[in-house]
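Residues per chain, in single letters:
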Amino acid sequence: MDAHAWQVFAQSFDDILIPGLCMTIPLTVAAFSLCMVVALLLAMVQYAKVPVLRQFARFYIWIFRGTPLLVQLFIVYYGLPRVGIVIHEVVAAIAVIGLNYAAYCAETIRAALESVPVGQVEAGYCTGLSYIQIMRRIVLPQAMKTAFPTLSNSLISMLKDTSLAANITVMEMLQKTKQIVARTYEPLVLYIEVGLIYLAFSTILTWLQGRGERRLSTHRVKRRRNENADA
Amino acid sequence: MPMLEVKGITKGFGTLDVLRGVDLTVERGDVVAILGPSGSGKTTLLRCINFLETADAGTLVFDGESFELGHVSKRDIARLRKKTAFVFQNYNLFSNKTALENVTEGLILGHKMPKTQARDVGRRALDRVGLSDRYDYYPDQLSGGQQQRVAIARAIAPEPEIIYFDEPTSALDPELTVEVLAVMRRLAEDGMTMLVVTHEMGFARTVSNRVIFMEDGVVAESGPSKEFFENPKEERTKAFLRSIGTTMAGESGKKENQAKE
């Protein structure tokens, strides 16, 4: 590799990192927030066996899980204008990525809800709790703890999949890199560079996941609190 | 007036008739043992009485108030459940809550008790079952016997009018069975009304004052415990008592007494 390549590599770092911080990360945060809300609703209507809504959830998951994310992005961004619906590319990316991931996360959460022994729900009723109270205080906290590692997985996966938004002109990290490549003709170092920045972001998320899991381990939290109380 | 009266309760699962018209009466202060071979419908009966299963037909009279089983509103079910408590075979403690929180959760949310008062009541309930040193332990840090005693504390804390026990010692090792039975014996001595599905003949014989013997979804024989064990009338009852053996009953009774001493 020659000096030009390394020079481009060094000079482009800021140019790639900035859209990472200003677009990739906010895009991921927004899409994942949407994803969690929708996934929770989809999982709960199935867990509670709500008629009609439950069938809707199955249909939703069938559609979003059964077609490629990139196709969904194209339909919304390039297809919908044909019928007069024009959506800003960032909004389209947030909506499509969030709704797509919701289909997967809904299944994760549903499985976690169903893993809480039904006997605890019965015990809840017998101690005078209402269905809502049982869900909020007993079932959901246990389910979210179970679902946490898998949901973290989805979050990391989503962070990388925001690069698909480059295909609908969102100026995120990959799109920016492509522009620099077009100008400098150094695809190898530049694509490796953007890959390394994605890796750095994922590493931070992995570290956060580890911290989150330790916090969710209730025993540790409680013991620490007790020790403080004793001191 | 009996506190609890059940008349003609029936329940089927698909083509299987589990309960085929069961009558039952519990007076205040009674400790009634429901005995019978596996599959005779004992547990289903208890679950129907507390609406964990919906009975197909029958009448339930609680404190003089009559309910048509199968047509009881959610509101009435919730109201009735606040006067009763249920102890499960598998304890069913809330695994994300400490022992104390398991007891206080229902007091605070279900019975609308202020938190500080609930914690006092909860600690006293755990003291009564001998778990004063385990308030802040999570269920998976407790032995089976301790978990079941937390479940009993959770049951007694709201001062229910009756506690239903569904085979409370079936999941326990013999030595842990003893500690749970000792707690139940003390509750009985304190005058708690209890309806207990059990396989512990020693308990049925020495603690309960009445026995209901079920077979194939009907009550085959019922009466005072002493009479039931010493002078059973029905041939089926005699066969059952023979099959479990009097030695077993004698032994578990003895073990319990030892534990008490």
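Residues numbered from 1 in each chain as written. Chains lettered and ligands numbered in written order. Predicted model: local features only at pLDDT ≥ 70, side-chain atom pairs only at ≥ 80, totals over all residues. Heavy atoms only, no water.

Focus: the overall build of chain B
Argument step 1. The number of helices and strands found in chain B is ten helices and ten strands.
Argument step 2. Taking 261 residues into account, the globule formula puts the C-alpha radius of gyration at 18 Å, and chain B, at 18 Å, falls close to it.
Argument step 3. Looking at chain B as a whole, 56% of its 261 residues are labelled buried.
Argument step 4. Contacts spanning at least 24 positions in sequence make up 66% of the contacts within chain B whose residues lie at least 6 apart.
Argument step 5. For chain B, the accessible area works out to roughly 11200 Å², and carbon and sulfur atoms hold 46% of it.
Argument step 6. The positive charge centre, built from 34 side chains, and the negative charge centre, built from 38, are 3 Å apart in chain B. (Helix = DSSP H or I, 4+ residues; strand = E, 2+ residues; numbered from the N terminus. Rg over C-alpha atoms; globule rule 2.2 N^0.38 Å. Buried < 20%, exposed > 50% of the residue type's maximum accessible area, 1.4 Å probe, protein only. Contact = heavy atoms within 4.5 Å. Areas by Shrake-Rupley, 256 points an atom, 1.4 Å probe, with all protein chains shown as cover. Lys, Arg positive; Asp, Glu negative; His and termini not counted. Charge placed at Lys NZ, Arg CZ, Asp CG, Glu CD.)

Quick look at the pattern of salt bridges
Oppositely charged side chains can pair when the atoms bearing their charge come close.
Argument step 1. Going through the model one piece at a time under the given rule, you end up with 22 salt bridges over all chains.
Argument step 2. Of the charged contacts in the structure, one is a salt bridge between E53(B) and R47(B), with a shortest N-O distance of 3.1 Å.
Argument step 3. The shortest N-O distance in the salt bridge between K83(B) and D63(B) comes to 3.8 Å. Taken together, the residues K83(B) in the loop between α2 (74-81) and β6 (84-87) and D63(B) in the loop between β4 (57-62) and β5 (65-68) connect sequence positions 20 residues apart.
Argument step 4. Since its relative accessible area comes to 22%, K83(B) is described here as partly exposed.
Argument step 5. Through salt bridges with shared partners, a single network forms among R58(A), R65(A), E107(A), R110(A) and E114(A). (Salt bridge = Lys/Arg side-chain N within 4 Å of Asp/Glu carboxyl O.)

Observations concerning the sheet that holds strand β2 (residues 16-26) of chain B
All names here are of chain B.
Argument step 1. Judged by pairing direction, the sheet is antiparallel, and its four strands sit side by side in the order β2-β1-β4-β5 without closing on themselves. Of all the strands in the sheet, just β2 and β5 have a single pairing partner and so form its edges. With direction set aside, neighbouring strand axes in the sheet form an average angle of 20 degrees.
Argument step 2. When strand β1 (residues 4-13) meets β4, the two strands line up antiparallel, connected through five bridges. If you follow V6 over to β4, its bridge partner there is L60. (Pairing = 2+ DSSP bridges. Axes fitted to C-alpha atoms, helices over the stretch in contact; angles between N-to-C directions.)

With respect to the interface of chain B and chain A
Argument step 1. Each partner contributes to the interface: chain B provides 27 residues, whereas chain A provides 20 residues.
Argument step 2. Approximately 2100 Å² of surface area, both sides summed, lies buried where chain B meets chain A, with 55% of it carried by carbon and sulfur atoms.
Argument step 3. Between chain B and chain A we count two salt bridges in total.
Argument step 4. E105(B) is the partner of R137(A) in a salt bridge, and the nearest nitrogen-oxygen pair spans 2.5 Å. (Buried area = accessible area lost by both parts, 1.4 Å probe.)

Here's the deal with unusual backbone geometry
Argument step 1. Even without being glycine, K49(A) reaches a positive phi, approximately 55 degrees.
Argument step 2. Among the structural elements, K49(A) can be located in the loop between α1 (3-47) and α2 (53-66).
Argument step 3. For K49(A), a relative accessible area of 52% puts it in the exposed group.
Argument step 4. If you check the backbone angles, N92(B) has positive phi at about 55 degrees while not being a glycine.

Focus on the pairing of strand β8 (residues 194-197) of chain B
Residue and element names in this part refer to chain B.
Argument step 1. Here β8 shows two buried faces, one formed by M194 and V196 and the other by L195 and V197.
Argument step 2. Sheet analysis places strand β3 (residues 31-35) next to β8, joined by four bridges and oriented parallel. Paired with V31 across the bridge in β8 is M194.
Argument step 3. The pairing of strand β7 (residues 162-166) with β8 spans four bridges and is classified as parallel. Bridge pairing in β8 links I163 to M194.
Argument step 4. Since β7 and β8 lie parallel, the crossover through helix α6 (residues 174-189) that links them has a hand, and here it is right-handed. (Right-handed = clockwise from strand over helix to strand, strands pointing away.)

Let's talk about the packing of aromatic side chains
Residue and element names in this part refer to chain A.
Argument step 1. Going through the model one piece at a time under the given rule, you end up with twelve aromatic pairs over all chains.
Argument step 2. An angle of 50 degrees between the planes, with centres 6.4 Å apart, marks the rings of Y101 and Y104 as tilted. One end of the pair, Y101, and the other, Y104, are both in helix α4 (residues 89-115), three residues apart, so they sit about a helical turn from each other.
Argument step 3. Exposure remark for Y101: the relative accessible area of 6% places this residue in the buried category.
Argument step 4. For Y104, a relative accessible area of 39% corresponds to the partly exposed category. (Phe/Tyr/Trp six-rings, centres within 6.5 Å; stacked < 30°, edge-to-face > 60°.)

Points about a nonpolar patch on the surface
Argument step 1. A grouping of F56(A), F59(A), W62(A) and I63(A) is seen on the molecular surface, where their side chains present a nonpolar patch of about 470 Å² in accessible area.
Argument step 2. Structurally, the position occupied by F56(A) is in helix α2. (Patch = residues over 30% accessible without salt bridge, like charges linked within 9 Å, V, L, I, M, F, W, Y side chains within 5 Å.)

Here we look at the pairing of β1(B)
Residue and element names in this part refer to chain B.
Argument step 1. Strand direction decides the pairing type here: β1 and β2, joined by eight bridges, are antiparallel. By the bridge assignment, L4 is partnered in β2 with V26.
Argument step 2. Hairpin connection from β1 to β2: two residues lie between these consecutive antiparallel strands, with G14 at a positive phi of about 65 degrees.

With respect to the side chain of T104(B)
Residues and elements named next belong to chain B.
Argument step 1. Along the polypeptide, T104 turns up in helix α3 (residues 99-110).
Argument step 2. With a relative accessible area of 5%, T104 lands in the buried category.
Argument step 3. Apart from the residues lying within four places of it in its own chain, the contact partners of T104 are A118, R119 and G122.

What about the packing of α1(A) against helix α8 (residues 187-216) of chain A?
All names here are of chain A.
Argument step 1. Two elements in contact, α1 and α8, have axes whose closest approach is 9 Å; the angle formed by their N-to-C orientations is 40 degrees. With respect to each other, α1 and α8 are oriented oblique. In the packing of α1 onto α8, the handedness of the crossing is right-handed. Only V189, L190, E193, V194, I197, Y198 and F201 of α8 make contact with α1, whose side of the interface consists of A5, V8, F9, S12, F13, I16, L17, G20, L21, T24 and I25.
Argument step 2. Taken together, the residues of the contact of α1 with α8 sort by class into 14 nonpolar, three polar and one charged. (Parallel < 35°, antiparallel > 145°, perpendicular 65-115°, else oblique. Left-handed = near helix turned anticlockwise from the far one by under 90°. Nonpolar A, V, L, I, M, F, W, Y, C, P; charged D, E, K, R; others polar.)

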